[in-house]
Amino acid sequence: MKRFGNNFVGRSLDTIERVGNKLPHPVTLFAMFAGFVVLFSWIFSSLGVSVEHPLQEGEILEVRNLLSSDGIKYIFTSMVGNFTGFAPLGTVLVTMLGIGIAERSGLISAGLRALVMSVPKQLITAALVFGGIMSSMAADAGYVVLTPLGAVLFAGLGRHPLAGLAAAFAGVSAGFSANLLLTSLDPLLGGLTQHAAATFDPIYAETINYAMNYYFMIVSVFVLTIIGTIVTEKVVEPRLGTYKGSVTEKVEGLTSIEKKGLFGALAAFILTIAALALLIVPTWGPLRGVDGAVINSPFFSSLVPIILIMFFVPGFVYGRMTKSIQSDKDVAEQLSDTMATMGAYIVLAFAAGQFVAYFNETNLGMIMAVKGAAFLDTTGFTGIPLILTFIVVAGFINLFIGSASAKWAIMAPVFVPMMMGLGYSPELTQLAYRIADSTTNVISPLMPYFAIVIAFAQKYDKKVGIGTLISTMIPYSIAFSIVWIIMLIVWMTLGIDLGPGSPIFYP
């Protein structure tokens, strides 16, 4: 890989890459992590490490020893469940079924070629980052849809595919909280914030709405798109250098039958959207929530199968029109071929699933979160230094606990009331948490989708490891953090509402 100069930043990234790539294969690494968790559970349990449960008053949370009789029984009896219950496994495999038909029928290739020929090349990077940020509307689907597509798109333009993968990954993961629309994350975190605020001021808690960070996140979309584009083109891509791998994604002109196939796929996509809209738009729609509500409705829990359908139907229509699909046997073969390419990820998921399950079962993650919260409480900081310290602590915790809602369920009851007592609104505390959570996703090997991003990258470079990906993504993490923090400071200084009726300061 081409080194990015001899300056401090370039040398630091090179060092991170070298050290990181000397680590064992990700499968081995996750297996080792699982073993370490078992060992540490015995050590800390023997030392009597414990904390008071932040959500259940009076309950003491202790480290569960996995080397005890019950712990060993858990390891053996839960192994299959830990694998099949690994959160990203089902999401990735089900989504890839739809994407597989769209890809192997030729639809994605033709669509990308049409995009390349219609969008000015100087806007491709920005479009990719923007698309990644907006993909949070579909929950986690951006990881398995846009990340590999970013690599394909850049390769088709003769650019380094890993730069395209990195740009998409940055938008999807580091910019996860930003969006022009409300997403499922808003009510998910907002409900926890409201509940935590009620312990301090029940009356104020009733005024909190789920769009409490909406104004800030709208502006963030455009700011992060610009920053992500600059980092990709001025830092990441020059450091990666010229791609010399064997995998090529040549962009050729569309044939007449491909054009007809694209129009047919577009028509099928529109009809599919219309059909799916009948399930959610009418007040009687079966995917609406209680009393016809959209927020917290079954729709948000159905995004993965919806994405499957949205890719499968246009892909099938395209395949039929271009003759790449002539019978049900072709469909079955294409689906089988797609699953065959996921073998490496499935093995990774097995090892990662054990580690994540052990970490949760031992209570080590929650204990670390509570200890971190206690540390912040004892610093004595106020104002902007307090908010910055909170962001650092939340970001550090995010390196160990991947779920945004799980972390906030632990942290909100501690920090929301504490911040309210210092004069800061629950809305501000939640925003600071979302900044920390999003910007550190791309550098955490424990983030559930980190493994599959490595698998996607290895298609273009078999030597890609954890070190390569982390060193590539650190510039995005730092840049997004700095810009978001500056935005937050400006917001706090000017006292601008974070969302509808959502002030900075607690009255």
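Provided above is the structure to which this section pertains.
Predicted model, so just to flag it, every value in this text is computed and none were measured. (Residues numbered from 1 in each chain as written. Predicted model: local features only at pLDDT ≥ 70, side-chain atom pairs only at ≥ 80, totals over all residues. Heavy atoms only, no water.)

An ideal rise of 1.5 Å per residue puts 42 Å on 29 residues; helix 22 (residues 466-494) measures up with 41 Å between its terminal C-alpha atoms. In helix 22, a bend of some 35 degrees at Met473 exceeds every other bend along the element, and Pro475, a proline, comes one to four places later. With 21 of 29 residues buried, helix 22 lies mostly within the body of the structure. Just past helix 22, the residue Gly495 takes up positive phi, approximately 70 degrees. (Helix = DSSP H or I, 4+ residues; strand = E, 2+ residues; numbered from the N terminus. Expected span 1.5 Å × (residues − 1). Bend = angle between axes of the 7 residues up to and from the residue. Buried < 20%, exposed > 50% of the residue type's maximum accessible area, 1.4 Å probe, protein only.)

Quick look at a nonpolar patch on the surface now. Together, Met32, Phe36, Leu39, Phe40, Trp42, Ile43, Phe44, Leu47 and Leu67 line one region of the surface with nonpolar side chains, adding up to about 810 Å² of accessible area. Relative to the elements of secondary structure, Phe40 occurs in helix 2 (residues 26-46). The class for Phe40 is partly exposed, based on a relative accessible area of 39%. (Patch = residues over 30% accessible without salt bridge, like charges linked within 9 Å, V, L, I, M, F, W, Y side chains within 5 Å. Areas by Shrake-Rupley, 256 points an atom, 1.4 Å probe, with all protein chains shown as cover. Salt bridge = Lys/Arg side-chain N within 4 Å of Asp/Glu carboxyl O.)

This next bit is on the packing of helix 8 (residues 161-174) against helix 21 (residues 450-457). At a minimum axis distance of 10 Å, the contact between helix 8 and helix 21 shows a crossing angle of 160 degrees. Taken together, the axes of helix 8 and helix 21 lie roughly antiparallel to each other. In the packing of helix 8 onto helix 21, the handedness of the crossing is right-handed. Where helix 8 abuts helix 21, its residues Leu162, Leu165 and Phe169 lie against Phe450, Val453, Phe456 and Ala457. Per-class residue counts for the contact of helix 8 with helix 21 are seven nonpolar, no polar and no charged. (Axes fitted to C-alpha atoms, helices over the stretch in contact; angles between N-to-C directions. Parallel < 35°, antiparallel > 145°, perpendicular 65-115°, else oblique. Left-handed = near helix turned anticlockwise from the far one by under 90°. Contact = heavy atoms within 4.5 Å. Nonpolar A, V, L, I, M, F, W, Y, C, P; charged D, E, K, R; others polar.)

With that settled, consider the pattern of salt bridges. Taken as a whole, this structure holds four salt bridges when the rule is applied. For Glu237, the salt bridge is made with Arg159, and the minimal N-O distance between the two is 2.8 Å. With Glu237 in helix 11 (residues 214-240) and Arg159 in the loop between helix 7 (141-156) and helix 8, the pair connects residues that are 78 residues apart, well separated along the chain. Taking the shortest distance from any N to any O, the salt bridge between Asp186 and Arg434 comes out at 3.0 Å. Residue Asp186 is located in helix 9 (residues 185-198), and its partner Arg434 is located in helix 20 (residues 426-439); the two are separated by 248 residues in the primary sequence. Note on Asp186: relative accessible area 5%, which makes it buried. For Arg434, a relative accessible area of 1% gives the class buried.

In terms of nonpolar packing, the biggest core is built from 133 residues, with Phe169, Phe216, Tyr345, Ile452 and Leu488 touching the most fellow members. By residue number, the principal contributor to this core is helix 22, which donates 14 residues. Filtering out sequence-adjacent residues up to four positions away, Ile452 remains in contact with Val92, Val144, Met342 and Tyr345. (Core = buried A, V, L, I, M, F, W, Y, C linked by side-chain atoms within 4.5 Å.)

This part takes up the packing of aromatic side chains. Tallying each qualifying case throughout the model produces 15 aromatic pairs. Ring geometry for Tyr243 and Tyr460: centres 6.3 Å apart, planes at 75 degrees, overall edge-to-face. Taken together, the residues span a long stretch of sequence, with Tyr243 in the loop between helix 11 and helix 12 (256-277) and Tyr460 in the loop between helix 21 and helix 22 at a distance of 217 residues. Judged by relative accessible area, Tyr460 falls into the buried class, the value being 6%. In this structure an aromatic cluster arises from ring pairing among Phe36, Phe40 and Phe44. Sitting over the face of the ring of Phe154, Arg159 holds its NZ or CZ atom 3.9 Å from the ring centroid. (Phe/Tyr/Trp six-rings, centres within 6.5 Å; stacked < 30°, edge-to-face > 60°. Lys NZ or Arg CZ within 6 Å of the ring centre and 35° of its normal.)

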